[in-house]
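# Notes for the structure review
Single-letter residue listing:
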Amino acid sequence: QVQLVGSGGGVVQAGGSLRLSCAASERSFTPLAMAWFRQAPGKELESVAAISWMGSNTYFADSVKGRFTISRDNDKKMVVLKMNSAKPEDTDIYYCETAQTTKNASGSSRDYEYWGQGNQGTGSS
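Reading guide: rules and limits
- Residues numbered from 1 in each chain as written.
- Predicted model: local features only at pLDDT ≥ 70, side-chain atom pairs only at ≥ 80, totals over all residues.
- Heavy atoms only, no water.
- Phe/Tyr/Trp six-rings, centres within 6.5 Å; stacked < 30°, edge-to-face > 60°.
- Helix = DSSP H or I, 4+ residues; strand = E, 2+ residues; numbered from the N terminus.
- Buried < 20%, exposed > 50% of the residue type's maximum accessible area, 1.4 Å probe, protein only.
- Pairing = 2+ DSSP bridges.
- Axes fitted to C-alpha atoms, helices over the stretch in contact; angles between N-to-C directions.
- Core = buried A, V, L, I, M, F, W, Y, C linked by side-chain atoms within 4.5 Å.
- Contact = heavy atoms within 4.5 Å.
- Salt bridge = Lys/Arg side-chain N within 4 Å of Asp/Glu carboxyl O.

The tally for this structure, following the rule as stated, stands at three aromatic pairs. With a centroid separation of 5.3 Å and 80 degrees between ring planes, the pair formed by phenylalanine 29 and tyrosine 114 is classed as edge-to-face. One end of the pair, phenylalanine 29, is in the loop between strand S3 (18–24) and strand S4 (34–39); the other, tyrosine 114, is in strand S10 (residues 114–115), with 85 residues separating them in the sequence. Neither phenylalanine 29 nor tyrosine 114 differs from the other in exposure class; each is buried.

Printed below as a string of structure tokens:
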């Protein structure tokens, strides 16, 4: 069973930066597209960012475009989300996801088969 183990998160002041990372633990598994989604209590899951298998293409939601970056290290099977210029509305539980068949940077949760346990990111004013 593929597990995604996350680290990072916490409280960041408005305008500050926060780093979230997530790595696949299964040695035999090769993560293809990787992505971050977020969800606040009582709200729908929202796509944040995604990165293609080789890292050549990325996707960002309009709400984070120009502020967040996404990167990956395929040797470590890791994806990193850097939240810059944080805002209070960035407060959510952030979930990393990885795909078993999708290679492109997709913003749809239907394209991902495995989810992490969630990282708390809080933007404080």
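On to unusual backbone geometry, then. In most cases, non-glycine residues show a negative phi, while peptide bonds are predominantly trans. For lysine 77, which is not glycine, the phi dihedral falls at a positive 55 degrees. Inspection of the secondary structure puts lysine 77 in the loop between strand S7 (68–73) and strand S8 (78–83). Residue serine 85 is not a glycine yet carries a positive backbone phi of 50 degrees. Assignment of secondary structure puts serine 85 in the loop between S8 and strand S9 (92–98). Given the relative accessible area of 39%, serine 85 is considered partly exposed.

With that settled, the discussion passes to the sheet that holds S8. Taken together, four strands build an open sheet; the order of strands is S1-S3-S8-S7 and the sheet is antiparallel. Edge positions in the open sheet fall to strand S1 (4–8) and S7, since each of these has one partner strand only. Between one strand axis and the next, the sheet turns by 15 degrees as a mean value, whatever way the strands run.

So, about the nonpolar core. Ranked by internal contacts, the top residues of the largest apolar core, which has 25 residues, are Trp36, Val48, Phe68, Val79, Leu81 and Tyr94. Breaking this core down by element, the ones donating at least two residues are S3, S4, strand S5 (46–51), S7, S8 and S9. No other element matches the four residues that S3 contributes to this core. Among all residues touching valine 79, those that are not within four sequence positions of it are Leu20, Ser21, Cys22, Met34, Trp36, Ile51, Ile70, Ser71, Arg72 and Cys96.

Right, let's get into the pattern of salt bridges. Two side chains of opposite charge can pair, provided their charged atoms sit close to one another. Summed over all chains, the structure comprises five salt bridges. The salt bridge partner of aspartate 62 is lysine 65, with a shortest N-O separation of 3.1 Å. We classify aspartate 62 as exposed; its relative accessible area is 67%. Taken together, the salt bridges that share partners define one network made up of Arg38, Glu46, Arg67, Asp90 and Asp92.

The next subject is the environment of glycine 8. You can see glycine 8 is positioned in strand S1. When its relative accessible area of 51% is taken as the criterion, glycine 8 is described as exposed. The spatial distance from the C-alpha of glycine 8 to the C-alpha of glutamine 100 is 24 Å, given a sequence separation of 92 residues. In this structure, glycine 8 is in contact with Arg19, Leu20 and Asn119, ignoring residues within four places of it in sequence.

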